[in-house]
Amino acid sequence: MLYLPDTNAISAYMRGASAALVGRMQQAFVRDELRLSVVVLAEREFGVLKGGGATQRRRLQALEALLIVEPFTRDDARRYASIRLHLETRGQGIGPFDTLIAAQALRLGATVVTRNVREFSRVPGLAVENWET
């Protein structure tokens, strides 16, 4: 099983905001089941530049060094377009970054780890879990 955490899950992990989340992430890391989307990495980089400071920079670098960073591929781009069209024609669009992450997760056969279960659940065929509960 592979897991692809979204930005809010990675941010909560970096803050240590949820013991349940931290524990599950560490277990998945040990089993080599955790991947980091380049989209999430970009969002976290922005957060660090915006005001995360040196501590956040070190935590992000440590996380990036430990996890396999998944690049965004041409297949992801096609999946993104298909997901976006499907959701928007039904008036159920989700955020653009979430759509990109969902596309990657579908390509990888990964489960998205997020607090935004309601949004990600709109994507057909996408497995979603909230590890903070």
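Quick note: structure is the one above.
What counts, and at which threshold
- Residues numbered from 1 in each chain as written.
- Predicted model: local features only at pLDDT ≥ 70, side-chain atom pairs only at ≥ 80, totals over all residues.
- Heavy atoms only, no water.
- Core = buried A, V, L, I, M, F, W, Y, C linked by side-chain atoms within 4.5 Å.
- Buried < 20%, exposed > 50% of the residue type's maximum accessible area, 1.4 Å probe, protein only.
- Helix = DSSP H or I, 4+ residues; strand = E, 2+ residues; numbered from the N terminus.
- Contact = heavy atoms within 4.5 Å.
- Lys, Arg positive; Asp, Glu negative; His and termini not counted.
- Salt bridge = Lys/Arg side-chain N within 4 Å of Asp/Glu carboxyl O.
- Polar contact = N/O pair within 3.5 Å; in protein donor to acceptor, adjacent residues only side chain to side chain.
- Expected span 1.5 Å × (residues − 1).
- Arc of directions from axis to C-beta.
- Pairing = 2+ DSSP bridges.
- Axes fitted to C-alpha atoms, helices over the stretch in contact; angles between N-to-C directions.
- Patch = residues over 30% accessible without salt bridge, like charges linked within 9 Å, V, L, I, M, F, W, Y side chains within 5 Å.
- Areas by Shrake-Rupley, 256 points an atom, 1.4 Å probe, with all protein chains shown as cover.

Asks: Whenever I open this one, the nonpolar core confuses me. Can you help?
Replies: Generally speaking, a soluble globular protein has its nonpolar side chains buried in company with each other. Core analysis: the largest hydrophobic core is formed by 35 residues, its most contacted members being Ile-10, Ile-101, Phe-120, Val-123, Leu-126 and Trp-131. If you list the elements that add at least two residues to this core, you get strand E1 (3-5), helix H1 (7-15), helix H2 (19-30), helix H3 (38-66), helix H4 (74-89), helix H5 (96-108) and strand E4 (111-113). Each residue touching Phe-120, except ones within four places of it in the same chain, is listed here: Asp-6, Asp-98, Ile-101, Ala-102, Val-112, Thr-114, Leu-126 and Val-128.

Asks: How should I be thinking about the side chain of Asp-6 in this particular structure?
Replies: Tracing the sequence through the fold places Asp-6 in the loop between E1 and H1. Of the side chains bearing the opposite charge, Arg-115 lies closest to the buried Asp-6, which forms no salt bridge; the N-O distance is 7.0 Å. A distance of 3.2 Å separates polar atoms of two side chains, one belonging to Asp-6 and the other to Asn-8. When near neighbours in sequence (up to four residues on either side) are disregarded, Asp-6 contacts Val-40, Ile-101, Val-112, Val-113, Thr-114, Asn-116 and Phe-120.

Asks: What is the right way to look at unusual backbone geometry in this model?
Replies: As a rule of thumb, non-glycine residues mostly have phi less than zero, and peptide bonds are mostly trans rather than cis. Located in the positive-phi region is Asp-32, a residue other than glycine, with phi close to 60 degrees. Along the chain, Asp-32 turns up in the loop between H2 and strand E2 (35-37). The class for Asp-32 is partly exposed, based on a relative accessible area of 49%.

Asks: So what exactly am I meant to see when it comes to the pattern of salt bridges here?
Replies: Oppositely charged side chains can form a pair if their charged atoms are brought close together. Enumeration over the complete set of coordinates arrives at nine salt bridges. Between Glu-33 and Arg-31 there is a salt bridge whose closest N-O contact spans 3.0 Å. Shared partners join several salt bridges into a network, and the residues in it are Asp-32, Arg-35, Glu-70, Asp-76 and Arg-107.

Asks: What is the right way to read the environment of Pro-96 from this model?
Replies: In this structure, Pro-96 sits in helix H5. Between the C-alpha atoms of Pro-96 and Tyr-80, which are 16 residues apart in sequence, the distance is 9.0 Å.

Asks: What am I meant to see in H2 here?
Replies: Every α-helical turn comprises 3.6 residues, leaving residues that sit three or four positions apart pointing alike. Between the first and last C-alpha of H2 there are 17 Å, a value that for 12 residues agrees with the 16 Å anticipated at 1.5 Å per step. Those residues of H2 not exposed but buried are Leu-21, Val-22, Met-25 and Ala-28. Take H2 and look down its axis: the buried residues cluster within an arc of 130 degrees, on one side only. Turned more than 90 degrees away from the buried face of H2 sit Ala-19 and Val-30, all of them exposed. Tucked inside the fold, the buried residues of H2 contact E1, H1 and E4.

Asks: Got a minute to help me understand the sheet that holds E1 in this structure?
Replies: Whenever strands of a sheet pair, they do so through backbone hydrogen bonds, lying parallel or antiparallel. The three strands are arranged E1-E4-E5 in an open sheet whose pairing can be described as parallel. The strands lining the two open edges of the sheet, one partner per strand, are E1 and strand E5 (127-129). Taking the axes of each pair of neighbouring strands and ignoring which way they run, one obtains an average angle of 30 degrees across the sheet. As paired elements, E1 and E4 share three bridges and run parallel to each other. Counted as the bridge partner of Leu-4 is Val-112 from E4.

Asks: Would you mind going over a nonpolar patch on the surface with me for this structure?
Replies: A contiguous nonpolar patch, built from Phe-29, Val-30 and Leu-66 and spanning about 310 Å² of accessible area, is present on the exposed surface. Residue position: Leu-66 is located in helix H3.

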